[in-house]
There are 2 protein chains.
Amino acid sequence: MTVSTMSIGTLYGVGVGPGDPELLTLKAFRILQNVDVVAYFAKAGHRSCALTIAQSHIPETTRTLAMEYPVTTELHRHSEEYKAQLDTFHDNASKTLADLMESGLSVAVISEGDPLFYGSFMHLHIRLAARFNTEIIPGITGMSGSWSLAQIPICQGDDVFKVVPGTLEEEQLVEQFQQNEAIVVMKIGRHLGNVRQALKRAGRLQQAIYVERATQDGQQLAFLKDKPTNQAPYFSLVLIPGFETAEYDALKGYVAGAPINEASNTSWQQDV
Amino acid sequence: MTVSTMSIGTLYGVGVGPGDPELLTLKAFRILQNVDVVAYFAKAGHRSCALTIAQSHIPETTRTLAMEYPVTTELHRHSEEYKAQLDTFHDNASKTLADLMESGLSVAVISEGDPLFYGSFMHLHIRLAARFNTEIIPGITGMSGSWSLAQIPICQGDDVFKVVPGTLEEEQLVEQFQQNEAIVVMKIGRHLGNVRQALKRAGRLQQAIYVERATQDGQQLAFLKDKPTNQAPYFSLVLIPGFETAEYDALKGYVAGAPINEASNTSWQQDV
């Protein structure tokens, strides 16, 4: 925090929101317009989601830098080998960014959603924030984009609100769902079958709302009980509002009849 | 959802973020520039926080509408009398907005943070969304503004993340804090003593970070253990990250030495 700002570049952790390029903040937009380098994580051979979202706000002359993961799903993410490879990768990426900043360039690392909420940016931040001037620009989370699309007040008053990863074991999920709380289930992917079963066992399947790619092209919305398959992409989640009232009953009609479903052409939408 | 849009105005629920006017989204900005009426909740005789945040983005010629609460703290918020008065107030406010929209005017209701995350907008939404074209623009939450200011990665990987209202009884708070989860305590206000005691009993006081008015004028940041009093304004919260690692230990030095503290002139900052 005591480094000179005369010749050393600043590090910006910039949240680019859930998908719609209009859901960046004015501050994120200004920084992307003015920064020297825009860096992003990417799977080798894949386009970065964060870059797709932010692309239209980055001047064509701005230098971009892909930080490509050495491994993704070939190794188990809890294995020692995976952790070691990721550690080395984060060390090297941080070194690259540090060299750029020491040469006087400012660097924005763009993240989907919010950089410090389940974000990969933290691995760079913990390596660089003590040495460089660092600023975090918060972003709209995917869950906020989802309940805004569904138009569901997710929590109110004295509700406890909870985010549960769908990667937990079914027994743990049941335990989480049995509390009378507002819940968002993230990291659904191939775990939707488990999540659905746990919601049924906890008596909360009726309330659960499935949202896919909120605010992005191809966004989908339905009650989970009406979705016939357990296929779900990375950008999907399940919302369970914290209340069951006459008001919520009124909203159910709204979700079921939401225009997004009528416009859809995916097979399971026909059951909604 | 089937109303004609030819002559009837649209209802926008617009999140204006945690305080910094630059933390509105591009979409919120566009809507505020183009809408016919901007409406907001306010305590009688007080300036609206949402209006303070959004003011510079609202054209001077745009019509504004204050919806003033009939009661605030004179009646207990769980009393029948309070609920009845609030119900009537929300009915009347919705009627006023409905009349405007039926006359062809579009209306934006502005909310601090995110409209559907512990927001008062829901009381209007449940009364109007079935009758009028309605769109929700998500906003950056106060908690996201807070962990971005503190530069604390609040959760990662398979963490469960939880928002707990500080208004719960001390025993309930202890129970919540004892889980090994990432936690944000909201609605601190005059409950900070209870929250502190519960954190101590649950063995998590050492980790807890206190943030006040994040992204607003007068923002404050410190470890809760170093804050000598239990005085806290409405716009304050406590962050308890979901992990304790070597990385987090490194960040502790960052929080303790954050520029925001050095620049502060409030008394308790001297202890940080």
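Residues numbered from 1 in each chain as written. Chains lettered and ligands numbered in written order. Predicted model: local features only at pLDDT ≥ 70, side-chain atom pairs only at ≥ 80, totals over all residues. Heavy atoms only, no water.

## Quick look at the interface of chain A and chain B
Definition in use: Contacts between residues were defined by any pair of non-hydrogen atoms, one from each residue, lying within 4.5 Å. Two parts placed together each lose some accessible area under a 1.4 Å probe, and adding up what both lose gives the buried area. Any Lys or Arg side-chain nitrogen located within 4 Å of an Asp or Glu carboxyl oxygen qualifies as a salt bridge. Here a polar contact means two N or O atoms within 3.5 Å. Within protein one must be a hydrogen donor candidate and the other an acceptor candidate, and residues neighboring in sequence count only if both atoms are side-chain atoms. Only Asp, Glu, Lys and Arg are considered charged in this grouping, and only Ala, Val, Leu, Ile, Met, Phe, Trp, Tyr, Cys and Pro are considered nonpolar; every other residue, Gly among them, is considered polar.
Between chain A and chain B, the residue contacts involve 59 residues of the former and 60 residues of the latter. Surface buried jointly by chain A and chain B totals about 5,000 Å² across both partners, of which 64% is contributed by carbon and sulfur atoms. Among the residues of chain A in contact with chain B, Glu22(A), Leu26(A) and Asp158(A) are the three that bury the most area, contributing 14% of the side total. Close ionic contact of Asp20(B) with Lys27(A) constitutes a salt bridge, the shortest N to O distance being 3.9 Å. Across the contact surface, chain A and chain B share 28 residue pairs in polar contact (both at pLDDT 80 or more). Among the residues forming the side of chain A that touches chain B, the class breakdown is 30 nonpolar, 16 polar and 13 charged.

## Remarks on the relation of the copies chain A and chain B
Heads up, the condition is: Alignment of copies: least-squares fit on C-alpha atoms of residues with pLDDT of at least 70 in both copies.
Overlaying chain A with chain B gives an RMSD of 0.0 Å, the required rotation being 180° about an axis along which the chain moves by 0.0 Å. The operation mapping one copy onto its partner corresponds to a two-fold rotation axis. When you check the interface residues of chain A against chain B, 100% turn up at the interface there too, and the contact is symmetric in its surfaces.

## What to know about the sheet that holds strand β2 (residues 37-43) of chain B
All names here are of chain B. Threshold: Two strands are said to pair when DSSP picks up at least two bridges between them. Labels follow the DSSP assignment, with helices taken as runs of H or I lasting at least four residues and strands as runs of E lasting at least two, numbered in each case from the N terminus. In this description, a line fitted to the C-alpha atoms serves as the axis of each element, helices being fitted only across the stretch in contact, and the angle between N-to-C directions of two axes falls anywhere from 0 to 180 degrees.
Overall, parallel pairing links the five strands, which are arranged β3-β2-β4-β1-β5 in an open sheet. The open sheet has two edge strands, β3 (63-69) and β5 (134-137), and neither has a second partner. On average, each strand axis in the sheet is inclined to that of its neighbour by 25°, with strand direction left out of account.

## Considering the side chain of Thr141(A)
Residues and elements named next belong to chain A. For clarity, the cut-off: Burial status follows relative accessibility: with a 1.4 Å probe on protein chains alone, a residue under 20% of its type maximum counts as buried, one over 50% as exposed, and anything between as partly exposed.
Inspection of the secondary structure puts Thr 141 in the loop between β5 (134-137) and α5 (142-150). Among the residues examined, Thr 141 registers a relative accessible area of 11% and is labelled buried. Setting aside residues up to four positions removed in sequence, Thr 141 forms contacts with Pro 18, Gly 113, Asp 114 and Phe 117.

## A look at the sheet that holds strand β2 (residues 37-43) of chain A
All names here are of chain A. Read across the sheet, five strands follow the order β3-β2-β4-β1-β5 without closing on themselves; strand pairing throughout is parallel. Pairing within the sheet leaves two strands with one partner each, and these edge strands are β3 (63-69) and β5. Sheet twist, expressed as the mean angle between neighbouring strand axes with direction ignored, is 25°. Sheet analysis places strand β1 (residues 11-15) next to strand β4 (residues 107-111), joined by five bridges and oriented parallel. Opposite Val 14, over in β4, you have Ile 110 as the bridge partner.

## Thoughts on helix α4 (residues 121-128) of chain B
Judged by how many residues are buried, α4(B) sits mostly within the fold: six of eight residues are covered. Looking at α4(B), one finds that the buried residues are Phe121(B), Met122(B), Leu124(B), His125(B), Ile126(B) and Leu128(B).

## Comments concerning the packing of aromatic side chains
In plain terms, the rule: By convention, a stacked pair of Phe, Tyr or Trp rings (six-membered ring in the case of Trp) has centres within 6.5 Å and planes under 30 degrees apart, an edge-to-face pair has planes over 60 apart, and any other such pair is tilted. Consider the ring centre and the ring normal. A charge sits over the ring if Lys NZ or Arg CZ is within 6 Å of that centre and within 35 degrees of that normal.
As enumerated under the stated definition, the model contains 16 aromatic pairs over all chains in all. Aromatic side chains Phe161(A) and Phe117(B) sit 5.2 Å apart centroid to centroid with 90° between the ring planes, which places their arrangement in the edge-to-face category. Here Phe117(B) lies in the loop between β4 (107-111) and α4 and Phe161(A) lies in strand β6 (residues 161-165), a pairing that spans two chains. Comparing Phe161(A) with Phe117(B), the two get one shared label, buried. Residues Trp147(B) and Phe161(B) carry aromatic rings whose centres are separated by 5.9 Å and whose planes lie at 85° to one another, so their mutual orientation is edge-to-face. Residue Trp147(B) is found in helix α5 (residues 142-150), and its partner Phe161(B) is found in strand β6 (residues 161-165); the two are separated by 14 residues along the sequence. As far as the burial class goes, Trp147(B) and Phe161(B) line up, both buried. Joined through ring pairs, the aromatic side chains of Phe117(A), Tyr118(A), Trp147(B) and Phe161(B) make up one cluster. One residue, Lys225(B), lies across the ring of Phe223(B), its end atom 5.1 Å from the ring centre. Above the ring of Tyr210(B), the side-chain terminus of Lys227(B) is found at 4.9 Å from the ring centroid.

## A closer look at the environment of Thr52(A)
All names here are of chain A. On the secondary structure map, Thr 52 appears in helix α2 (residues 49-54). A sequence separation of 33 residues divides Thr 52 from Gly 19, and the C-alpha atoms of the two residues are 8.4 Å apart. At 3.0 Å, the side chain of Thr 52 forms a polar contact with the side chain of Arg 47.

## Concerning the pattern of salt bridges
Opposite charge on two side chains lets them pair, provided their charged atoms get close. Residue and element names in this part refer to chain B. A full pass over the atoms with the stated rule returns 24 salt bridges over all chains. Close ionic contact of Asp 99 with Lys 95 constitutes a salt bridge, the shortest N to O distance being 3.1 Å. Placement of both Asp 99 and Lys 95 in helix α3 (residues 80-102) is noted, with a separation of four residues, approximately one turn of the helix. Accessibility expressed as a relative area gives 37% for Asp 99, which makes it partly exposed. With relative accessibility at 52%, the residue Lys 95 sits in the exposed group.

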